Amino acid sequence: MHNPDQNSMQVDTETVVATSESFYAALSEIGQLLVRSLAPSVLYEAVIEVLERRIGARFAMVGELDRGSGRFRRIAPARVASGMADIYPESMSFSVARPAFWQGAPQLEADIRHTPGLEMFRPAYVRHGVTSVVAVPVLKFGEVCAGLVIRSSHASFFSPQMIELLQQVAASIGLGLEADAQRTRLLQSVQDEARQRCALRLLSEMIKLATHSVDEQVLLVDACRVARRIGGYQAAWIGLLQKGSSATLQLAAHDGLDADIGTDVQLDLSAPEHVDDAAVVAIATGQAHIRHRLSSDRMDWPSGAGMAALHAMLALPLRVDGAIIGVFVIGAVGADAFNAVEVQVFSEMTVELGLGIQMQRARTARVEAEKNLRLNLLHFRTILSNQYTGILVISEDNRVKFANEAFCTLFGLPETPAELENQSTATIYDRLRQAYEDPEREWARIQQILARGEPVEAEEISMRGGRIFLRDFVPIRIDGVPQGRLWQQRDITEQKMHEARVEQLAFYDVVTGLPNRRLLFELLEQARARAGREQSQLAVGVLDLDRFKSVNDTIGHGGGDRVLAEAAARILGMLREADVLARFGGDEFALVISGLDSREQLDVISRCILQALRAPFNVMGEQLYLSASIGWTLFPLDGSDAEGLVRHADLAMYAAKEEGKDRGSLYEPVMELEQLRLQAMRERIAQALQQSRLVLLFQPIVFIDGLPGLHGVAGMEALLRLNDNEQGLIEPANFMHVLDDPQLARPIGRYVLDEALRRCQAWMREGISIPVSINISTRHLLHPAFFSDIDAVLDTYPDVMDVGFGIEVTETGPSMDHSHAKTVIEECRRRGIRVGLDDFGTGSASLSHIQKLDIEHIKLDQSFVRNILSDERNMAIAAGVITTARMLAKTVIAEGVETAEQGDLLASLGCHQLQGFSISRPMRADAVPAWVAGWVPPASWGRLVNERQSLLSSQSDNG
């Protein structure tokens, strides 16, 4: 890290002129700092250290803008040595910056000691020998946020090249600050979303409790339990105002508090020591209240075990029928536990809890009213009048005996309850019929209820306008004698909407509106049972959009969601109403198609779906072309259960991708056997890594017109083998899929890097200085820690870079993420690492890769070399590749050369280097020095040496 003491040394580092190489090294190191995603303050310190070490910068510092105070505040260096405070001030006024600085231009003061307006710095600069200074603005999201300041004792130090370097450094710092801000925003967004989902789940559970609890006490206890355990909070409790008192709060239920705290604990709301309690404030104001408590603060009521750990409490007033009856308090350990959205959801949750309490109390009141009807009719009327549910009491002679305001409001009647009394039920029913969605059916249902004369509880009724009522019917009997009947109805429309929203979240995908995985399996089980009964065929498919990651890279995840929604709509357009399309997640869909007559019918459906997805997607101004791969399995030919059918369809889908994508494939049992074989091989490789049973062999690459011995050898390629106790050395063709495994790709790659460079350094110490090349898997190449692995192995074997080493990537690798691969390859080249393209000619974008990627050589795949003498097409392909590569100044290495004649032909076509069994089979590392020393090219190659020497001689003469 930067040490301010170094600036006080007498040695003037600026006497050493910074070179282009030092500029390049400084920018490279700063680029590496950005990759490490450092915090801003750490990034500043690291950048200063690089500038001082690489280009000899003196008295470097970074100051951030504090717009509130109008000053630059020094961030780096964080610590200043004794006696250096004058050259590293804690802050300085914005006035020192010229207008151009705020527009992003560097501010250079070539003679700082005589610059007007900067007199306050003159003593410090004189004392430290500073004559010139430059301040470079750092921009974050287009706005100046900091300044990079460098001081010098020589005005010539700040050359145009130096200023340009410092501007690039400032731009790099700005990129780092922007990335840090984006990471912070993303993390906060993810946290907020998780908290919102948890709060919505709490709301859903509270709705269920309010609807289904057996009594009020159970409701209160369950509400505390749900709030604490589902919400993940430390504690929850409910206090209710004592009946007849608005100043005494009694603990009614709790979860997470000391088990010894009983429900007889009370709080005097007027007590001075509790005036700031969250519960007291919420009751007094009638609003949700959050209290943040410091560790030293007094604990809220009720005091006891568990309260000391709480640093945030959310108190919500609990209302029944509009009146505050108590408070619901949730306690959390984290001080930032409750954001605005959570408070809103919790407020709705408390409303539902209040409705639940209200419903429980209404039910209790109704039962009590029925018991005491014969004793006190006036008391009965008073109770019913205060109910929020609509109540209508009918006498035995079919007259209205009682109605309440809620009843009139529910059905939109203009009369008061008193005006309805003594009207005939026929008149009332005739007026009410029009409020129902299906009047005739509802009238028939009422007649049925009256005829049976039995209680009806919680019956849902559909009303006009989409409303839903919950109805109870209670026959009134006194001493066994019928005295009339009571109808009770309440509007549960909002409650049903809440339940519908909960169901939507539980069973349907948010982006496409399709059934999710959970609902899919329920529908698949039903379709499977139906197909068994009807003895028909059922197709289960898994569809995956090919290369969908490039869509998100091009237009972002929001645009990707729009593409998914449109893809879902196109697929649905190819299906019948009875068919099922579900989204598994990501870009994967599942299909259930029932009632099929034949496989040919399924083939037609599959082709129609694939064709529909080939049409361009026009999203956010971009025209995107996609395709899909579909895997199918047919029930009952495949008699698996629902999970087995989906798994088999998934295997078939991957088979379709391996066959080239944009096609369908039908499951065959051999696919599962192959999957088991691949998994078994993965486990063998994982064990081999742990047991050191992976080994490297080395195969020479020679110059086609080379010399005997060391100078005719271009290098050694490291080839991985699995050392099996029974089968011997197993080649990578048998475990190629493992090399790109998400968990094993990097450990395997690190082993190969370490072992290959270790052997290379050992050969060098034996006098054999030849480079080594290593095959790098795509997943390891694109891993964020790839260059950390490179740096670690080069630190261990530093001599290797004297002869250099190279990496080879497969042709299909860059297609996974071309922009990322291009960046990594360019960085390798900057570090002096050779990069080649392996298996050239077998992929889908060969020529574009040669043109766009900064590669040094290509390896002509052995499939073109094997029959080159007998197959004119292979020779034509090889000639075309070699000619194209030479025009682009790329070296061509032909692999798989098994005869000297093949080598002669390749030489005549202009190939550069050869590799294959005709030269040497792969060998162990300890055999390499002897082979190199004894290497003798075939005699037929001698003429090539003469031709090359003649060509060089003629070129020299012409020169």
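Everything numeric in this text was worked out from a predicted model, so none of it was measured. (Residues numbered from 1 in each chain as written. Predicted model: local features only at pLDDT ≥ 70, side-chain atom pairs only at ≥ 80, totals over all residues. Heavy atoms only, no water.)

1. A look at the overall build of the chain
Phase 1: Looking only at helices and strands, the chain features 30 helices and 33 strands.
Phase 2: Put simply, the chain has 959 residues, and 49% of those count as buried.
Phase 3: Looking at the chain alone, contacts between residues at least 24 apart form 62% of all its contacts between residues at least 6 apart.
Phase 4: Within the structure as shown, the chain displays about 45,900 Å² of accessible surface, and the carbon and sulfur contribution to it stands at 51%. (Helix = DSSP H or I, 4+ residues; strand = E, 2+ residues; numbered from the N terminus. Buried < 20%, exposed > 50% of the residue type's maximum accessible area, 1.4 Å probe, protein only. Contact = heavy atoms within 4.5 Å. Areas by Shrake-Rupley, 256 points an atom, 1.4 Å probe, with all protein chains shown as cover.)

2. A short note on the sheet that holds strand 3 (residues 91-93)
The strands making up a sheet are joined through hydrogen bonds of the backbone, oriented either antiparallel or parallel.
Phase 1: Pairing within the open sheet is antiparallel, and its six strands lie in the order 3-2-1-6-5-4. Every interior strand has two partners, whereas the edge strands, strand 3 and strand 4 (107-109), have only one. Pairs of neighbouring strands in the sheet enclose a mean axial angle of 25 degrees, with direction left out of account.
Phase 2: The sheet contact formed by strand 1 (residues 58-66) and strand 2 (residues 71-76) spans five bridges and is antiparallel. Looking at the pairing, glutamate 64 lines up with arginine 73 of strand 2. (Pairing = 2+ DSSP bridges. Axes fitted to C-alpha atoms, helices over the stretch in contact; angles between N-to-C directions.)

3. Concerning the sheet that holds strand 15 (residues 456-462)
Phase 1: Ordered in space as 14-13-17-16-15, the five strands form an open sheet in which the pairing is antiparallel. At either margin of the open sheet sits one strand with a lone partner, and together these are strand 14 (400-403) and strand 15. The sheet shows a mean angle of 20 degrees between the axes of neighbouring strands, direction not considered.
Phase 2: Sheet strands touched by helix 13 (residues 439-452): strand 15, strand 16 (468-478) and strand 17 (481-491). Its angle to strand 16, the strand with the most contacts, is close to 25 degrees.

4. Side note on helix 19 (residues 669-690)
Phase 1: Between its terminal C-alpha atoms helix 19 stretches 33 Å, which fits the 32 Å expected from 22 residues at 1.5 Å a residue.
Phase 2: Restricting attention to buried positions, one finds in helix 19 the residues Met671, Leu678, Met681, Arg682, Ile685 and Ala688. Buried residues along helix 19 cover an arc of 125 degrees about the axis, so they all sit on one side. For helix 19, the exposed residues lying more than 90 degrees away from the buried face are Pro669, Leu673, Leu676 and Gln690.
Phase 3: Looking at the buried residues of helix 19, the elements they touch are helix 18 (642-658), strand 24 (663-666), strand 25 (694-703), strand 26 (713-724) and helix 20 (745-765). (Expected span 1.5 Å × (residues − 1). Arc of directions from axis to C-beta.)

5. What about the environment of serine 606?
Phase 1: Its location among the elements puts serine 606 in helix 17 (residues 599-614).
Phase 2: Residue classification places serine 606 among the buried residues on the basis of a relative accessible area of 6%.
Phase 3: The spacing of serine 606 and isoleucine 571 is 35 residues in sequence and 10.0 Å in space, taken between C-alpha atoms.
Phase 4: The residues touching serine 606, leaving out its near neighbours within four places in the chain, are Ile630, Trp632 and Gly664.

6. Thoughts on the pattern of salt bridges
Phase 1: Counted according to the given criterion, the structure contains 42 salt bridges.
Phase 2: We note a salt bridge from arginine 759 to glutamate 755, for which the minimum N-O separation is 3.0 Å. Linking arginine 759 with glutamate 755, this pair stays in helix 20, spanning four residues, or about one helical turn.
Phase 3: Judged by its relative accessible area of 28%, arginine 759 is partly exposed.
Phase 4: A salt bridge links glutamate 827 to arginine 830; its shortest N-O distance comes to 2.6 Å. Residue glutamate 827 and its partner arginine 830 are located together in helix 24 (residues 818-830), separated by three residues, close to a single helical turn. (Salt bridge = Lys/Arg side-chain N within 4 Å of Asp/Glu carboxyl O.)

7. Here's the deal with the nonpolar core
Phase 1: Judged by nonpolar contacts, the single largest core of 77 residues is most densely connected at Leu757, Phe805, Leu906 and Leu914.
Phase 2: Among the elements that take part in this core, helix 20 stands out by supplying seven residues, more than any other.
Phase 3: Setting aside residues no more than four positions away along its own chain, leucine 914 makes contact with Pro700, Ile701, Val702, Ile704, Ala894, Val897, Gly903, Leu906, Ile919 and Trp941.
Phase 4: Within the second largest apolar cluster, 35 residues are counted, among which are Tyr44, Ala57, Ala60 and Ile150. (Core = buried A, V, L, I, M, F, W, Y, C linked by side-chain atoms within 4.5 Å.)

8. Regarding a nonpolar patch on the surface
Phase 1: Together, Val670, Leu673 and Leu676 make up a nonpolar patch on the protein surface, roughly 310 Å² of accessible area in all.
Phase 2: Within the secondary structure layout, leucine 676 lies in helix 19.
Phase 3: By relative accessible area, leucine 676 is classed as exposed at 55%. (Patch = residues over 30% accessible without salt bridge, like charges linked within 9 Å, V, L, I, M, F, W, Y side chains within 5 Å.)

9. Re the packing of aromatic side chains
Phase 1: Inspection of every chain in the model, using the stated rule, returns 17 aromatic pairs.
Phase 2: Relative to phenylalanine 411, the ring of phenylalanine 407 lies with its centre 5.1 Å away and its plane at 45 degrees, an arrangement referred to as tilted.
Phase 3: Judged by relative accessible area, which is 1%, phenylalanine 407 ranks as buried.
Phase 4: Judged by relative accessible area, which is 10%, phenylalanine 411 ranks as buried.
Phase 5: Plain terms: the ring middles of phenylalanine 473 and tryptophan 487 are 4.6 Å apart, the flat faces sit at 50 degrees to each other, and that makes the pair tilted. You can see phenylalanine 473 sitting in strand 16 and its partner tryptophan 487 sitting in strand 17, a full 14 residues away along the chain. Here the two residues phenylalanine 473 and tryptophan 487 agree in accessibility, since each one is buried.
Phase 6: Members of the aromatic cluster, connected to one another through ring pairs, are Phe72, Phe94, Phe101 and Trp102.
Phase 7: Just above the ring of tyrosine 88 sits the side chain of arginine 151; from NZ or CZ to the centre is 5.7 Å.
Phase 8: Note that arginine 921 overlies the ring of phenylalanine 917, its terminal NZ or CZ placed 3.9 Å from the centroid. (Phe/Tyr/Trp six-rings, centres within 6.5 Å; stacked < 30°, edge-to-face > 60°. Lys NZ or Arg CZ within 6 Å of the ring centre and 35° of its normal.)

10. Here we look at unusual backbone geometry
Phase 1: Here the bond from alanine 76 into proline 77 is cis, since omega is 0 degrees, no more than 30 degrees from zero.
Phase 2: Along the polypeptide, proline 77 turns up in the loop between strand 2 and strand 3.
Phase 3: With an omega of 15 degrees, the peptide bond running from phenylalanine 635 to proline 636 counts as cis.
Phase 4: Take proline 636: it is sitting in the loop between strand 23 (628-635) and helix 18.
Phase 5: One non-glycine residue, phenylalanine 141, adopts positive backbone phi at about 55 degrees.
Phase 6: In this fold, phenylalanine 141 is placed in the loop between strand 5 (132-140) and strand 6 (143-152).

11. Brief notes about the environment of isoleucine 609
Phase 1: Inspection of the secondary structure puts isoleucine 609 in helix 17.
Phase 2: Discounting residues that sit within four places of it in the chain, isoleucine 609 has contacts with Leu543, Ile571, Met574, Leu575, Leu591 and Ile630.

12. Thoughts on the pairing of strand 24
Phase 1: Alignment of strand 23 against strand 24, held across four bridges, turns out to be parallel. Looking across to strand 24, one finds that isoleucine 630 is bridged to glycine 664.
Phase 2: You can see the chain leave strand 23, run along helix 18 and come back into strand 24, and the turn it takes is left-handed. (Right-handed = clockwise from strand over helix to strand, strands pointing away.)

13. Here we look at the confidence of the model for the chain
Phase 1: For the chain, per-residue confidence averages 82 on the pLDDT scale, and residues scoring 70 or more make up 90% of the total.
Phase 2: Between residues 5-16, whose pLDDT stays under 50, and residues either more than four places distant or in other chains, the model counts 21 contacts. (pLDDT = per-residue confidence, 0-100.)

14. Some details on the pairing of strand 18 (residues 537-545)
Phase 1: In terms of burial, strand 18 is a largely internal element, eight of the nine residues being buried.
Phase 2: Two strands pair when backbone bridges link them, and strand 18 and strand 23 are joined in this way by eight bridges, in the antiparallel orientation. In the sheet register, leucine 545 faces strand 23, and the bridge partner there is alanine 628.

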